[in-house]
Amino acid sequence: ILEEALPIRARARIRGFLAVGVVVQVPSADWIEPIKRAIRRHGPFPHIVARNGSARLQDRAEVGNEEIGRYLGANHNVCGISTSPERYLPSALVAGAAIRIEITTPSNKVISNVILEVTKGRPRKLPPRVASGLGFYDLCTAIRIQSSPVDCVRRLTAMTRSRSMGDPHLDDVPLVRDLHGYAGGAQEWAIKLVDDVESWRRGEIPWSQIDRAVVLASIPGLGKTSFARSVAKSLGMPLVPTSVAHWFSSTAGYINEYIKFVDTLLAQAVANGPAV
């Protein structure tokens, strides 16, 4: 997946050892170490910064800039890998990176190449976005040495289906097309979201084209939570509900603790995503 994300010219710059700064954004923390190992196969990196926000004092934009300046100033390559580069990586590296890439769900082409590498056979056909919602170690679990390409695809498909199944606690809510009483375009937005996600699953549009963020506001009791549950059910995605009260009741109430708690919730949603 790194080879697919790195243009040939970028690979040549890295191998040339010409003080190249590289920033890699990964979808979840379990991708950081594998990408760290993989980037070193493309060229010399004497300094790699890998951060996912778990170390509150160190994983900050103002920490580590002196080292970045020292290595780049001495004509060495430097790489930063993070789930959120702007938040966690040294700001000097983010600002001065010559190469910026984002690792997303592996394409079917990548999955096919990996299966060929591991099993010595290429799968004849893959379902659209066969790795959607799967993490790095999910892929390691599904694609196995001395297994057949057919069995690898079968495991990938089963894992993707299990990750994308709707929440069983949403059986009592209607689908968005059956909702009533939502003014201001909320229902129309939700219907379009469902249609766009289905188009994305078929590979017809990129994820970036989907209008997937919304804010609903009202006095209590008018159905905001029910709307979110209906959207999740209609999309067939996991629902990750939370609230400010939940943040405080689950921590001692200090700002740094509930920020960390929220980050953990979001990381779980991303790892099991797409999710609502």
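Heads up: the structure comes first, above all this text.
Please read all numbers here as calculations on a predicted model, not as lab measurements.

**Details of the pairing of strand 2 (residues 47-51)**
Item 1. Burial analysis of strand 2 places 4 of its 5 residues in the buried class, which makes it a mostly covered element.
Item 2. Direction of pairing for strand 2 relative to strand 3 (residues 78-82): parallel, over a ladder of 5 bridges. Of the residues in strand 3, the one forming a bridge with R51 is S82.

**Description of the packing of helix 10 (residues 186-201) against helix 11 (residues 224-235)**
Item 1. Packing of helix 10 against helix 11 leaves a shortest axis separation of 10 Å and a crossing angle of 25°. Relative to helix 11, helix 10 is oriented roughly parallel. Crossing angle aside, the handedness with which helix 10 passes helix 11 is right-handed. Contacts between helix 10 and helix 11 pair A186, Q187, W189, A190, L193, V194, V197 and R201 from the former with F227, V231, S234 and L235 from the latter.

**Focus on the layout of surface pockets**
Item 1. Taken as a whole, the second largest pocket holds about 960 Å³ of empty space.
Item 2. Mapped by element, the contributors of at least two residues to the lining of the second largest pocket are helix 1 (2-5), helix 3 (32-39), helix 7 (108-119) and helix 8 (136-142).
Item 3. Top element by residues in the lining of the second largest pocket is helix 7. It accounts for 7 residues.
Item 4. A per-class count over the lining of the second largest pocket returns 16 nonpolar, 2 polar and 6 charged.

**Describing the pattern of salt bridges**
Item 1. Evaluation of the coordinates by the stated rule reveals 9 salt bridges.
Item 2. A salt bridge links R202 to E204, with the shortest nitrogen-to-oxygen separation between them at 2.9 Å.
Item 3. By relative accessible area, R202 is classed as partly exposed at 48%.

**Thoughts on the packing of aromatic side chains**
Item 1. One pass over the structure, following the stated rule, counts 6 aromatic pairs.
Item 2. A ring pair is formed by F136 and Y137, whose centres lie 5.0 Å apart and whose planes are at 90°; its orientation type is edge-to-face.
Item 3. Among the residues examined, F136 registers a relative accessible area of 18% and is labelled buried.
Item 4. Residue class for Y137 comes out partly exposed when judged on its relative accessible area of 45%.
Item 5. A ring pair is formed by W247 and Y258, whose centres lie 6.3 Å apart and whose planes are at 20°; its orientation type is stacked. Here W247 is found in helix 12 (residues 244-249), whereas its partner Y258 is found in helix 13 (residues 255-271), with 11 residues between them in sequence.
Item 6. Using a relative accessible area of 21% as the deciding quantity, one classes W247 as partly exposed.

**Here's the deal with helix 3**
Item 1. Every buried residue belonging to helix 3 is among I32, P34, I35 and I39, and all of these are buried. Summarising the axial view, the buried residues of helix 3 lie within an arc of 165°, below the 170-degree limit, and thus occupy one face.
Item 2. On the buried face of helix 3, the contacting elements are helix 1, strand 1 (21-25), strand 2, strand 3 and helix 8.

**So, the sheet that holds strand 1**
Item 1. Read from one edge to the other, the open sheet built from 4 strands follows the order 2-3-1-4, with strand pairing classed as parallel. Among the strands making up the open sheet, the edge pair consists of strand 2 and strand 4 (99-102). Pairs of neighbouring strands in the sheet enclose a mean axial angle of 10°, with direction left out of account.
Item 2. The sheet strands contacting helix 4 (residues 65-73) are strand 1, strand 2 and strand 3, and the helix crosses strand 2 at an angle near 150°.

**Focus: the state of the cysteines**
Item 1. All told, the structure shown has 0 disulfides when counted by the stated rule.
Item 2. Of all cysteine sulfurs, the one in C140 lies closest to C79, which takes part in no disulfide; the gap is 19 Å.
Item 3. Not part of a disulfide, C140 finds its nearest cysteine sulfur in C152, a span of 12 Å.
Item 4. A residue is classified by how much of its surface remains accessible, and C140, at 40% relative accessible area, is partly exposed.

Criteria and thresholds
Residues numbered from 1 in each chain as written. Predicted model: local features only at pLDDT ≥ 70, side-chain atom pairs only at ≥ 80, totals over all residues. Heavy atoms only, no water. Buried < 20%, exposed > 50% of the residue type's maximum accessible area, 1.4 Å probe, protein only. Helix = DSSP H or I, 4+ residues; strand = E, 2+ residues; numbered from the N terminus. Pairing = 2+ DSSP bridges. Axes fitted to C-alpha atoms, helices over the stretch in contact; angles between N-to-C directions. Parallel < 35°, antiparallel > 145°, perpendicular 65-115°, else oblique. Left-handed = near helix turned anticlockwise from the far one by under 90°. Contact = heavy atoms within 4.5 Å. 1 Å grid on protein atoms, 1.4 Å probe; cavity = no way out; pocket = protein on both sides within 12 Å on 5 of 7 lines; lining within 4 Å. Points joined across faces, edges and corners; volume = space filled by probe spheres on them. Nonpolar A, V, L, I, M, F, W, Y, C, P; charged D, E, K, R; others polar. Salt bridge = Lys/Arg side-chain N within 4 Å of Asp/Glu carboxyl O. Phe/Tyr/Trp six-rings, centres within 6.5 Å; stacked < 30°, edge-to-face > 60°. Arc of directions from axis to C-beta. Disulfide = S-S within 2.5 Å.

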